[in-house]
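Residue-level structural notes
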2 protein chains.
Amino acid sequence: MKAVRIFDHGGVDKLVYGDFPMPEIGPRDVRVQVTATGVSLWDIKYRRGELPVLPGRPAFPMPMQLGRDAAGRVEAVGRDVTAFAVGDRVVGLVHPANPASALTVRGFGNLSTEIEYPGHTLFGGNAQFVARPESYWMKLPSGASESAAAAALWSYSTAHRILADRLGAHLGDSVLLIGASGGMGSATLDLAELMGLRVIAVTRSAQKKAFLEARGAAAVVVLSGKDDAAAVRAYADQLGVDGAIDYSGDPTMLKLAIDVLRPGGTLVVAAVEGGGGPVPLTTRDCLRLEINLRGARASTLNDQRCVIDLLGQGKIEPAIHTVLPLSAIGEAHTLLESGTVSGRILLDPWGERS
Amino acid sequence: MKAVRIFDHGGVDKLVYGDFPMPEIGPRDVRVQVTATGVSLWDIKYRRGELPVLPGRPAFPMPMQLGRDAAGRVEAVGRDVTAFAVGDRVVGLVHPANPASALTVRGFGNLSTEIEYPGHTLFGGNAQFVARPESYWMKLPSGASESAAAAALWSYSTAHRILADRLGAHLGDSVLLIGASGGMGSATLDLAELMGLRVIAVTRSAQKKAFLEARGAAAVVVLSGKDDAAAVRAYADQLGVDGAIDYSGDPTMLKLAIDVLRPGGTLVVAAVEGGGGPVPLTTRDCLRLEINLRGARASTLNDQRCVIDLLGQGKIEPAIHTVLPLSAIGEAHTLLESGTVSGRILLDPWGERS
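Scope of this entry: the structure provided in the associated data block.

Each value, and the rule that gives it
Residues numbered from 1 in each chain as written. Chains lettered and ligands numbered in written order. Predicted model: local features only at pLDDT ≥ 70, side-chain atom pairs only at ≥ 80, totals over all residues. Heavy atoms only, no water. Helix = DSSP H or I, 4+ residues; strand = E, 2+ residues; numbered from the N terminus. Rg over C-alpha atoms; globule rule 2.2 N^0.38 Å. Buried < 20%, exposed > 50% of the residue type's maximum accessible area, 1.4 Å probe, protein only. Contact = heavy atoms within 4.5 Å. Areas by Shrake-Rupley, 256 points an atom, 1.4 Å probe, with all protein chains shown as cover. Lys, Arg positive; Asp, Glu negative; His and termini not counted. Charge placed at Lys NZ, Arg CZ, Asp CG, Glu CD. Pairing = 2+ DSSP bridges. Buried area = accessible area lost by both parts, 1.4 Å probe. Salt bridge = Lys/Arg side-chain N within 4 Å of Asp/Glu carboxyl O. Polar contact = N/O pair within 3.5 Å; in protein donor to acceptor, adjacent residues only side chain to side chain. Nonpolar A, V, L, I, M, F, W, Y, C, P; charged D, E, K, R; others polar. Right-handed = clockwise from strand over helix to strand, strands pointing away. Axes fitted to C-alpha atoms, helices over the stretch in contact; angles between N-to-C directions. Parallel < 35°, antiparallel > 145°, perpendicular 65-115°, else oblique. Left-handed = near helix turned anticlockwise from the far one by under 90°. Least-squares fit on C-alpha atoms with pLDDT ≥ 70 in both.

When its secondary structure is counted, chain A shows ten helices and 16 strands. Against the compact-globule benchmark of 20 Å for 354 residues, chain A has a radius of gyration of 20 Å, which places it among compact chains. Referenced to the eigenvectors of the C-alpha coordinate spread, the extents of chain A come out at roughly 60 × 45 × 40 Å. Across the 354 residues that make up chain A, the buried fraction comes to 57%. Here the contacts in chain A between residues at least 6 apart in sequence split such that 70% fall between residues at least 24 apart. Accessible surface for chain A amounts to roughly 13,500 Å². Of this, 53% is attributable to carbon and sulfur atoms. Between the mean site of the 35 positive side-chain charges and the mean site of the 37 negative ones, chain A shows a separation of 3 Å.

Taken in spatial order, the three strands of this open sheet run β2-β1-β4 (chain B), and their pairing is antiparallel. Every interior strand has two partners, whereas the edge strands, β2 (16-19) and β4 (64-65) of chain B, have only one.

Okay, the interface of chain B and chain A next. Each partner contributes to the interface: chain B provides 43 residues, whereas chain A provides 43 residues. Overall, the association of chain B and chain A removes approximately 3,600 Å² of surface from exposure, summing both partners, and the carbon and sulfur fraction of that is 56%. Interface area lost by chain B to chain A is led by Thr283(B), Leu287(B) and Glu290(B), which between them contribute 20%. Our count for the chain B to chain A interface comes out at eight salt bridges. For Asp237(A), the salt bridge is made with Arg106(B), and the minimal N-O distance between the two is 2.7 Å. Across the chain B-chain A interface, the total number found is 27 residue pairs in polar contact (both at pLDDT 80 or more). Secondary structure elements with two or more residues in the side of chain B that touches chain A: α2 (102-105), α3 (146-167), β13 (261-269), α8 (283-289) and β14 (292-295) of chain B. Among the elements that make up the side of chain B that touches chain A, the one with the highest residue count is α8(B) (six residues). Broken down by class, the residue content of the side of chain B that touches chain A amounts to 21 nonpolar, eleven polar and eleven charged. Here three bridges tie strand β14 (residues 292-295) of chain A to β14(B), and the two strands are oriented antiparallel to one another. Within β14(B), the position partnered with Leu293(A) by the bridge is Leu293(B).

As a further point, take the pairing of strand β16 (residues 344-348) of chain A. All names here are of chain A. The buried fraction of β16 is high, at four of five residues. Sheet topology places strand β3 (residues 29-39) next to β16; three bridges connect them, and they run antiparallel. Its bridge partner lying in β16, Gly 38 is registered against Leu 346. The sheet contact formed by strand β15 (residues 320-325) and β16 spans five bridges and is parallel. Paired with Leu 324 across the two strands is Leu 347, which belongs to β16. A crossover connection joins β15 to the parallel β16 through helix α10 (residues 329-337); in handedness this β-α-β unit is right-handed.

Residues and elements named next belong to chain A. Interaxial distance between helix α3 (residues 146-167) and helix α9 (residues 301-312) falls to 8 Å at its minimum, and their mutual angle equals 130 degrees. Here α3 is positioned oblique relative to α9, judged by the angle of their axes. The chirality of how α3 crosses α9 is right-handed. Contact residues: α3 offers Ala 148, Ala 149, Ala 152, Leu 153, Tyr 156, Ser 157, His 160 and Arg 161, while α9 offers Asp 303, Gln 304, Cys 306, Val 307, Ile 308 and Leu 311. Its residues assigned to classes, the contact of α3 with α9 shows nine nonpolar, three polar and two charged.

All names here are of chain A. Look at the link from Met 62 to Pro 63: it is a cis peptide, with omega at -5 degrees. With respect to the element layout, Pro 63 can be found in the loop between α1 (41-48) and β4 (64-65). We note that Glu 114 has phi near 50 degrees; this positive angle belongs to a residue other than glycine. In this structure, Glu 114 sits in the loop between α2 (102-105) and β7 (129-133).

All names here are of chain A. Burial analysis of strand β13 (residues 261-269) places nine of its nine residues in the buried class, the great majority of the element. Here strand β12 (residues 241-246) runs beside β13; their pairing, made up of five bridges, is parallel. Paired with Val 241 across the two strands is Leu 261, which belongs to β13. In the classification by handedness, the crossover that spans β12, the intervening helix α7 (residues 251-260) and the parallel β13 is right-handed. Where β13 meets β14, four bridges bridge the pair, whose relative direction is parallel. Across the sheet, the residue bridging to Leu 267 is Leu 293, located in β14.

Attention now goes to the side chain of Arg344(A). Residues and elements named next belong to chain A. With respect to the helices and strands, Arg 344 occurs in strand β16. Given a relative accessible area of 12%, Arg 344 falls into the buried group. Not counting residues within four places of it along the chain, the set of residues in contact with Arg 344 comprises Val 39, Ser 40, Asp 69, Ala 150, Ala 151, Trp 154, Ala 319, Ile 320, His 321 and Thr 322.

For the rest of this paragraph, the subject is the relation of the copies chain B and chain A. When chain B is fitted to chain A, the best match, at an RMSD of 0.1 Å, comes from turning it 180 degrees and sliding it 0.1 Å along the axis. The operation mapping one copy onto its partner corresponds to a two-fold rotation axis. For chain B, the residue whose C-alpha comes nearest the rotation axis is Leu293(B), separated from it by 2.5 Å. The fraction of interface residues of chain B whose copies in chain A are also interface residues reaches 100%, indicating that both copies meet through the same surface.

A separate point is the sheet that holds strand β2 (residues 16-19) of chain A. Residue and element names in this part refer to chain A. The strand order across the open sheet built from three strands is β2-β1-β4, with neighbouring strands paired in antiparallel fashion. Taken across any chain shown, the strands that pair with only one partner, and hence form the sheet edges, are β2 and β4. In this structure, strand β1 (residues 2-6) lies alongside β4, joined through two bridges in antiparallel fashion. Its bridge partner lying in β4, Arg 5 is registered against Gln 65.

This is the structure:
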């Protein structure tokens, strides 16, 4: 079968598209014929060797088959598999949970330890066939296409966790969204609109204003570096915004969020893009605002289930930037690295260059 | 009547103990004969002129009668007063709420704007008689002494808000307590034990170990500046502590709390004692821990009600360092400034030097 693997870290030249053995299946495994698989920033980080190993997690092995997301049809099942049958349409879980992990028991399945992560420690989805334990797959409802499921699962389930759990926002609340144009921002806008939130998106690019309004932002502030806080506050109530979500990791943006937050408001920090540096927070801010600052990482199985349900109901619509054949993997990585992508890049493992 | 007032900011020589007119009462006012009134760090800050004016709050007027806390017996009521009668035993609310404030409506009565604060913008409790609107008083249950009520209200109600609302701790959870020896720390230890929490107190002073254990700490770590995180972790479960409360404002202590917190744990920042400086938090910490960092300031009416109920039931026991006659106000301030006080300093407006 065709697949993409890497044997050591480096540039796009390290991506090996070629013929590899069909994955074998154990008694509890489900093998899926993949019809849509994603390219994400995690693949780029893995390829470059930039991923930090988290506490309780295994180091990253080589060779690795990249790809966090995969959707397709069940092609074979192991003899002890009970939840799936050949022909089922499924999506592969981007954040499986180890039920025995102390963190899962505490309600943090998203931070689960001692579990294999597709595309990181377990062969990922960038292949024609993928075999994984049955607990790594979820059935698709009839209304959910395989490509939409592969495109939505990662970003929407993370955004779902942030909105439904970390932010604690209520109907009608105002939310400042930083990094609204990216994949996470776009998913957050879509879900926030469903939840009845009023999103104030900020962007450095005047060109993106119309795009963000079309994606459901109630207001878009084009940042000028001067009076930005006042510009955001003009769209909030007298006290400030009820919540803020940061996908930038940029200290200037985090400071803006703290400056416009209402007392008792919540700031969700969901990115280390700036290198994981200092949050510009003081103890005076903590007391002045009674701030709630909450970190966010990944999603629980419940978030993933909710997103697939919403997709089945036709309530969400993930942005797909383009679909490329699996053989164009180098092009796909280069495109994602360019920073010009809006929405997900998908790969078709059976497609030819059109 | 005898009272303590200041006419400008400065040292203890600015405290004027003397005869002042009996306070008049309006139709909705309740006048109380004060039998116990406290001296707090807020009085010191007010006297020195170190209080920042918060947004939505009036500036601090002169002259001022100091004293946040006051308890005693109702001596006269205005003609429209319905909730109190002469002879009722009461305690004066340290944090009244303006019901019309947008923050009260949002559930943050503790951050209420456009309200007068006793000892800051309204004459405080350091007097033989105090008149305030009826909404500024709360009746005492028979089991609660006036001195215990005056001693407990401020620190216990703030600690109650932190434990019951901001920390979100559950029965059996481990909680790191920084600044455990002070008035707030002592109140927090008392309430945390009632809530079934396991408090790990840290102190720089080996002498305080026995005192903190006697006050209910499950474990006391004497800080050495070396391997402090490991010493704390030895008393937590494998993941770290469930929560941490900081009353120090010290960046080194805040860093210690972040280092020992479990993923998904909560850090409550409840002090600006270090001058309101930076919290040593990075975006990497935010994601690594899915941290919940929450500011805390003062208490709601509900916290105050709960504390008085607990006092009435004999479930809490505020530490009273000493009781001095009101005429010894300068001595009381000097004693509090010395940093050697454990528990509240109370003043008796009717007492003589024994």
